[in-house]
Amino acid sequence: MMTTVLVTGGAGYIGSHTCVELALAGYDLVVVDNLSNSWPETLDRVGELVGRPIQFHRLDLREHHDLLNLFASRRIDAVVHFAGFKAVGDSVRDPLSYYDNNVAGTVSLLKAMLRNDVARLIFSSSCTVHGLPRSVPVTEGEPRNPVNPYGCTKAMIERIIEDQVAATSGWRALLLRYFNPVGAHPSARIGEDPIGIPTNLMPYVMKVASGKYPYVHVFGDDYRTRDGTGVRDYIHVVDLAKGHVAALHALERVDGCQAINLGTGRGCSVLEVISEASKAVGFPIPYRIEGRRPGDIAEIYADASLAADVLGWQAEHDLTAMCRDHWNWQRKNPDGYRSSIST
Ligand code: NAD
Ligand code: UFG
């Protein structure tokens, strides 16, 4: 019998790419998403890519009774939990929405799992749980010390899941700490579709390349890094998605609850990203050096060795592939999923 996986937030950026890889790996999928930051069109395209429709329920995780009804209506073997808000700046402006959606949404999900004896969970965490790391590369043993409400929700949820796993025999969970996901599916059918002006580097760079904005604002060139600009561990979203397939397999071997970094183990600077993106698009992408962005850290990248040991997984794509696929998606879907909705 096929293993059935409930994917929360499966219509989103990382969730949709993970649905593709899980379906191709032979899992039966049930997606729940309230579409607060995504489009139903995405799952139609996922269905096209995998050759079968994806079962979808439009549902908010905090609507506990609806969630219970869903669990009661079908067998679920494991949960991959992406649903939540993710914008650092918004979380500073409106912390209650973040604690409510991310933390209360997760508690509602865990209660439904407990009630229905579903004891396998993969959770989307973030390297942001560390705040300012003491040293790089960052290992999973680095203390949790988040510096903004979004990061606090991720750290709290990690702790809640650890407590729940410790309290209930048979529960197993992996807390996957993503570094900086970028890129898109090589088919260019699914990709990141940020609402409004993108705040992350790669989507902004690609919007500049497409002519939507005049230049990239480089936030600081006076960090103690090799060229003075911020260094991050960019990871291709398809590699990240495959990390979830490896994690589901590993859940059968892992005891209890464990945090695992999903990164490449390599840091790239802002100027290196702009340079590689310029090669992908075929012309120099304009940029201007500006002041530092408040709250930014100089450098963070993963120690990716635990993922290799425990999951047998490592990232395969380099920055060239990340820029090529992100550009391909941007070029073919200039207004994201909206372009195809209106046609
Ligand atoms: P996304 O916004 O594209 O996807 C999240 C999905 O969850 C959306 O489709 C949204 O509609 C849905 N959702 C939100 N709240 C919900 C609720 N209460 N009930 C049901 N559905 C709900 O974001 P993403 O980039 O795909 O991120 C997925 C997860 O990975 C998030 O938990 C995010 O915090 C985490 N993460 C993302 C990054 C990143 O840079 N993208 C980095 C680290 C961790
Ligand atoms: N940057 C620019 N110009 C921009 C945007 C970003 O110079 O227009 C710089 C930043 O200063 C930083 C680097 O590019 O040095 C990366 O910035 P991003 O905003 O793309 O990514 P962050 O590392 O700041 O944060 C992202 C997500 C967080 C998540 C974290 C780790 O926004 O939610 O990655 O996964 F927690």
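The structure presented is a predicted model; accordingly, all values stated were derived computationally and were not measured.

Can you help me understand the packing of helix H3 (residues 64–73) against helix H5 (residues 95–115) in this one?
Helix packing geometry: the angle between the two helix axes and the distance between the axes. Taken N-terminus to C-terminus, the directions of H3 and H5 make an angle of 35 degrees; their axes are 10 Å apart at the nearest point. Of the two elements, H3 crosses H5, and the hand of that crossing is right-handed. Together, His 64, Leu 67, Leu 68 and Phe 71 of H3 and Ser 108, Leu 109, Lys 111, Ala 112, Met 113 and Arg 115 of H5 make up the contact between the two elements. A class-by-class count of the residues in the contact of H3 with H5 yields six nonpolar, two polar and two charged.

Whenever I open this one, the site of ligand 1 confuses me. Can you help?
Neighbouring ligand 1 are 28 residues, the closest being Asp 33, Asn 37, Ser 38, Asn 101 and Tyr 150. Note that an oxygen atom of ligand 1 is positioned 2.8 Å from one of the backbone N or O atoms of Ile 14. In this structure, Lys 86 approaches ligand 1 through a side-chain N or O atom, which is 2.7 Å from an oxygen atom. Bound to the protein, ligand 1 loses 95% of the 820 Å² it would expose on its own. Breaking the shell around ligand 1 down by element, the ones donating at least two residues are helix H1 (13–24), strand S5 (120–126) and helix H6 (149–167). Considering each element in turn, the shell around ligand 1 owes the most residues, three residues, to S5. Tallied by class, the residues present in the shell around ligand 1 amount to 12 nonpolar, 11 polar and five charged.

What exactly am I supposed to notice about the nonpolar core here?
Leu 22, Leu 29, Leu 174, Leu 248 and Leu 311 are the most contacted members of the largest nonpolar core, which has 46 residues in total. At eight residues, helix H8 (residues 237–250) tops the list of elements feeding residues into this core. Those residues in contact with Leu 29 that lie beyond four places of it in its chain are Val 5, Val 7, Cys 19, Leu 22, Ala 23, Ile 54 and Gln 55. Leu 61, Leu 68, Ile 76 and Val 165 belong to the second-largest nonpolar core, a separate cluster that totals 27 residues.

Definitions and limits used
- Think of each chain on its own: its residues are numbered from 1, step by step along the sequence as written.
- Starting at A for chains and at 1 for ligands, labels are handed out in the order in which the entities are written.
- The model is predicted, so local features are restricted to residues of pLDDT at least 70 and side-chain atom pairs to those at 80 or more, both for listing and for counting; the totals for chains, interfaces and linings are taken over all residues.
- Hydrogens and water are ignored here; the side-chain numbers use all heavy atoms of the structure.
- Simply put, an axis is a line fit to the C-alpha atoms, just over the touching stretch for a helix, and the angle between two N-to-C directions goes from 0 to 180 degrees.
- Secondary structure follows DSSP: runs of H or I at least 4 residues long count as helices, runs of E at least 2 residues long count as strands, and numbering of each begins at the N terminus.
- Each crossing gets its hand from how the near helix is turned against the far one by less than a right angle, where anticlockwise is left-handed and clockwise is right-handed.
- Here, two residues are considered to be in contact whenever any of their heavy atoms come within 4.5 Å of each other.
- Asp, Glu, Lys and Arg are counted as charged, while Ala, Val, Leu, Ile, Met, Phe, Trp, Tyr, Cys and Pro are counted as nonpolar; the rest, among them Gly, fall into the polar class.
- If even one non-hydrogen atom of a residue comes within 4 Å of a molecule or strand, that residue is called near it.
- Here a polar contact is recorded for every N or O atom pair within 3.5 Å, except that within protein the pair must consist of a potential hydrogen donor and a potential acceptor, and residues adjacent in sequence are included only if both atoms are side-chain atoms.
- Surface exposure here means Shrake-Rupley accessible area, sampled with a 1.4 Å probe, where a residue is shielded only by the protein chains that are shown.
- As used here, the term nonpolar core means buried Ala, Val, Leu, Ile, Met, Phe, Trp, Tyr and Cys residues forming a set that is joined through side-chain atoms within 4.5 Å.
- Burial classes: relative accessible area under 20% of the type maximum marks a residue as buried, over 50% as exposed, and values in between as partly exposed (1.4 Å probe, protein chains only).

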